[in-house]
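Structural overview for review
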Protein chains: 2
Amino acid sequence: METLSENRSFGGVQGVYRHRSRATGTDMTFAVFMPDLAAGERAPVLWYLSGLTCTHENAMTKAAAQHWCSEAGMAIVFPDTSPRGEGVADDKAYDLGQGAGFYVNATRDPWAPHFRMWDYVVDELPDLVTGAFAVAPDAMGITGHSMGGHGALTIAMTHPDRFRSVSAFAPIANPTESDWGQKQLGAYLGDDRAAWRAHDATILMTERGYPDEILIDQGSADQFLDKLRPESLAQAMMARRQPGQFRMQPGYDHSYFFVQTFMGDHVMWHAERLFRCLAGSS
Amino acid sequence: METLSENRSFGGVQGVYRHRSRATGTDMTFAVFMPDLAAGERAPVLWYLSGLTCTHENAMTKAAAQHWCSEAGMAIVFPDTSPRGEGVADDKAYDLGQGAGFYVNATRDPWAPHFRMWDYVVDELPDLVTGAFAVAPDAMGITGHSMGGHGALTIAMTHPDRFRSVSAFAPIANPTESDWGQKQLGAYLGDDRAAWRAHDATILMTERGYPDEILIDQGSADQFLDKLRPESLAQAMMARRQPGQFRMQPGYDHSYFFVQTFMGDHVMWHAERLFRCLAGSS
């Protein structure tokens, strides 16, 4: 693992790192904010999955999470959204290929060799980060924005023992019924829609739910509401009596101005739950 | 004045606007965050001047000021750092010409026709903003980063009746003795160093000071310390017994991670003073 940069931030360190990924077969870049800790202390860690076109950098610079994570004493990790570089398949469209990994393991060419973001985010990067930083593997939460909200919800509902708290900002909530989903799941997983079901938050909510409360924020002026389909997920949550909150925030759009506005709520939501895990395990 | 974008942010609106400037003879873009106000209410307003290579956008997206301004009930304005566009002189170097106006009125060609950022920031844009937005012209403060810290300090010390509070992040503190200053002041104002003195915070501090407290933050790991020369300004402040604080923040560098970390302190510093102005004038 190579350190690309480290900047002091809110009494902690905002770092950017690169490593060779087994899952994707490429170099991958990610960012970690570590609050200052006492000797021997391990921080809970929040995983933030970004949306279409993003790298590790967007949320690191625009989500204003460091202030809240510093206050809470929690680490936050910003992974990239796909493998990148020469020899990695891509597409001219902004919403397929590099920058648009959709947090799945692709099974179809040309994507199958490198587009394994599910394994990368669920297994490989947590193993690396919990080994290299003073974070607690048994106190991990997950959140994300848009495509990243989709990733956070689907991963958390599939691995609730690994990700002990979950929230999302304007998630792609029902991709099997959306232009943000059908195209990508078809390309990465093939035409058999049975394989798509594991990657649709609305379907997973109907079939499994999540064993703790979920927090979701959505802006009412979001320019992509027709693609996100929050109404499908909200319906599934309420039908299941899923504990949690689905908040429609009046006037907010899909931008990082929206994410930044509610980042404090989300960080504190996760911190409250993850510090409980830490306390329970010690 | 034309609206380029408006995004809901922290219960207020983050807008970007364009107008034809008399001062620069060009179109100029600027950003304003307006907190929600009661009917008839006018907010104090903080001017944030950005550094070399920046536009209105850097601090708007990376300084995390909106949260604090919303909490304080204060507006913040992010002007551009120079005139831009075809027909506007420029230089290959990042630190001269477009993106590097240095907050002076140029008197030398090729800069004189458009590079009038002093007049633009001191007079024209405040007149426009106080007319178009619900902000209080008698409760304006000013701050900035690097070249913008230089602008904030020199403008505030020259117009203390107009800018009733002042602070700076890692300001260029003594440009007449620095590579960040001699080159630019020579190009914009000519070789006669007498004309430079009005644009050096250390000289103005020695000659005039400021009638209220000043807050300055500087990172100890700033990669540009030799160009910023904080020791000159600190010496002048202490020699004059200037009320205020010059804080050396251990481990912080010149980046927006530094600015964001201390933005809350600065916003609250200005709010405390500007709300006192509002109360005094009502």
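You'll find chain A entered in an unreviewed UniProt entry as S-formylglutathione hydrolase, with Paracoccus subflavus given as the organism. The UniProt entry for chain A carries this comment under Catalytic activity (unreviewed entry): "S-formylglutathione + H2O = formate + glutathione + H(+)".

1. Thoughts on the relation of the copies chain A and chain B
Rotating chain A by 180° and moving it 0.0 Å along the rotation axis overlays it on chain B with an RMSD of 0.0 Å. Such values leave the two copies arranged in the relation of a two-fold axis. By C-alpha distance to the rotation axis, the residue of chain A lying nearest is Lys62 of chain A, at 2.7 Å. Of the residues that chain A buries at the interface, 100% are likewise interface residues in chain B, meaning the two copies contact each other through the same surface.

2. Structural notes on the sheet that holds strand E6 (residues 135-144) of chain A
As a general point, the strands of a sheet are linked pairwise by backbone hydrogen bonds and lie either parallel or antiparallel. Residues and elements named next belong to chain A. Taking strand neighbours across the sheet as the criterion, the nine strands line up as E1-E2-E3-E5-E4-E6-E7-E8-E9 in an open arrangement whose pairing is mixed. Edge positions in the sheet fall to strand E1 (2-9) and strand E9 (244-249), since each has one partner strand and no second. Pairwise comparison of adjacent strand axes, ignoring direction, gives a mean angle of 20° for this sheet. Inspection of the sheet shows strand E4 (residues 43-49) paired to E6 by six bridges, in the parallel sense. Within E6, the residue paired with Leu46 across the bridge is Gly141. Helix H2 (residues 65-72) contacts E1, strand E2 (12-20), strand E3 (27-34) and strand E5 (75-79) of the sheet and is inclined by roughly 145° relative to E5.

3. Side note on the packing of helix H3 (residues 117-132) of chain B against helix H4 (residues 147-158) of chain B
Residues and elements named next belong to chain B. Two elements in contact, H3 and H4, have axes separated by 11 Å at closest approach and are oriented at 60°. In terms of axis orientation, H3 runs oblique to H4. Along this stretch, H3 crosses H4, giving a crossing that reads as right-handed. Contact residues: H3 offers Trp118, Val121 and Val122, while H4 offers Thr154, Ile155 and Thr158.

4. Some remarks on helix H5 (residues 179-189) of chain B
Residue and element names in this part refer to chain B. With respect to burial, H5 is a largely interior element, eight of its 11 residues being buried. Those residues of H5 that sit buried are Trp180, Gly181, Gln184, Leu185, Gly186, Ala187, Tyr188 and Leu189. On its buried side, H5 packs onto helix H7 (225-228). For H5, the capping residue at the N-terminal end is Ser178, with a side-chain oxygen 2.9 Å from the backbone nitrogen of Trp180. Count one or two residues on from H5 and you reach Gly190, which has phi positive near 95°.

5. What to know about the sheet that holds strand E2 (residues 12-20) of chain B
Residues and elements named next belong to chain B. Here we have nine strands laid out as an open sheet, ordered E1-E2-E3-E5-E4-E6-E7-E8-E9, and mixed in their pairing. Taken across any chain shown, the strands that pair with only one partner, and hence form the sheet edges, are strand E1 (2-9) and strand E9 (244-249). Going across the sheet, the axis of each strand differs from the next one's by a mean of 20°, ignoring polarity. Judged from the two bridges that link them, strand E6 (residues 135-144) and strand E7 (residues 165-169) form a sheet pairing that is parallel. Note on E7: the bridge partner recorded for Ile142 is Val166. Sheet strands touched by helix H8 (residues 230-240): strand E8 (214-219) and E9. Its angle to E9, the strand with the most contacts, is close to 150°.

6. Side note on the nonpolar core
It is characteristic of soluble globular proteins that their nonpolar side chains tend to be buried jointly. Grouped together as the largest cluster of nonpolar side chains are 93 residues, with contacts concentrated most on Ile142 and Tyr188 of chain B. No other element matches helix H9 (residues 256-281) of chain B, which puts 10 residues into this core. With residues near it in sequence (within four places) discarded, Ile142 of chain B still touches Leu46, Trp47, Leu49, Val121, Ala152, Ile155, Ala156, Phe163, Ser165, Val166, Ser167 and His270 of chain B. In terms of nonpolar packing, the next biggest core, distinct from the first, is built from 91 residues, Met60, Ala63, Ala100 and Val267 of chain A among them.

7. Some words on the packing of aromatic side chains
Both the distance between ring centres and the angle between the ring planes are used here to describe each pair of aromatic rings. All names here are of chain A. Applying the stated rule across the entire model yields 24 aromatic pairs over all chains. Plain terms: the ring middles of Tyr17 and Phe30 are 5.8 Å apart, the flat faces sit at 40° to each other, and that makes the pair tilted. Residue Tyr17 is found in strand E2, and its partner Phe30 is found in strand E3; the two are separated by 13 residues along the sequence. Accessibility classification places Tyr17 together with Phe30 in one group, the buried group. Both rings, one in Tyr252 and one in Phe262, keep their centres 5.0 Å apart while their planes meet at 70°; by these two values the pair is edge-to-face. Taken together, the positions of Tyr252 in the loop between E9 and helix H9 (256-281) and Phe262 in helix H9 put the pair 10 residues apart, joining distant regions of the chain. In terms of burial, Tyr252 and Phe262 fall into one category: buried. Three or more aromatic residues joined by ring pairs make a cluster, and in this case those are Tyr48, Phe78, Phe169, Tyr252, Phe258 and Phe262.

Rules behind the numbers
Residues numbered from 1 in each chain as written. Chains lettered and ligands numbered in written order. Predicted model: local features only at pLDDT ≥ 70, side-chain atom pairs only at ≥ 80, totals over all residues. Heavy atoms only, no water. UniProt positions renumbered as here; feature names shortened; annotations may be inferred. Least-squares fit on C-alpha atoms with pLDDT ≥ 70 in both. Contact = heavy atoms within 4.5 Å. Pairing = 2+ DSSP bridges. Helix = DSSP H or I, 4+ residues; strand = E, 2+ residues; numbered from the N terminus. Axes fitted to C-alpha atoms, helices over the stretch in contact; angles between N-to-C directions. Parallel < 35°, antiparallel > 145°, perpendicular 65-115°, else oblique. Left-handed = near helix turned anticlockwise from the far one by under 90°. Buried < 20%, exposed > 50% of the residue type's maximum accessible area, 1.4 Å probe, protein only. Polar contact = N/O pair within 3.5 Å; in protein donor to acceptor, adjacent residues only side chain to side chain. Core = buried A, V, L, I, M, F, W, Y, C linked by side-chain atoms within 4.5 Å. Phe/Tyr/Trp six-rings, centres within 6.5 Å; stacked < 30°, edge-to-face > 60°.

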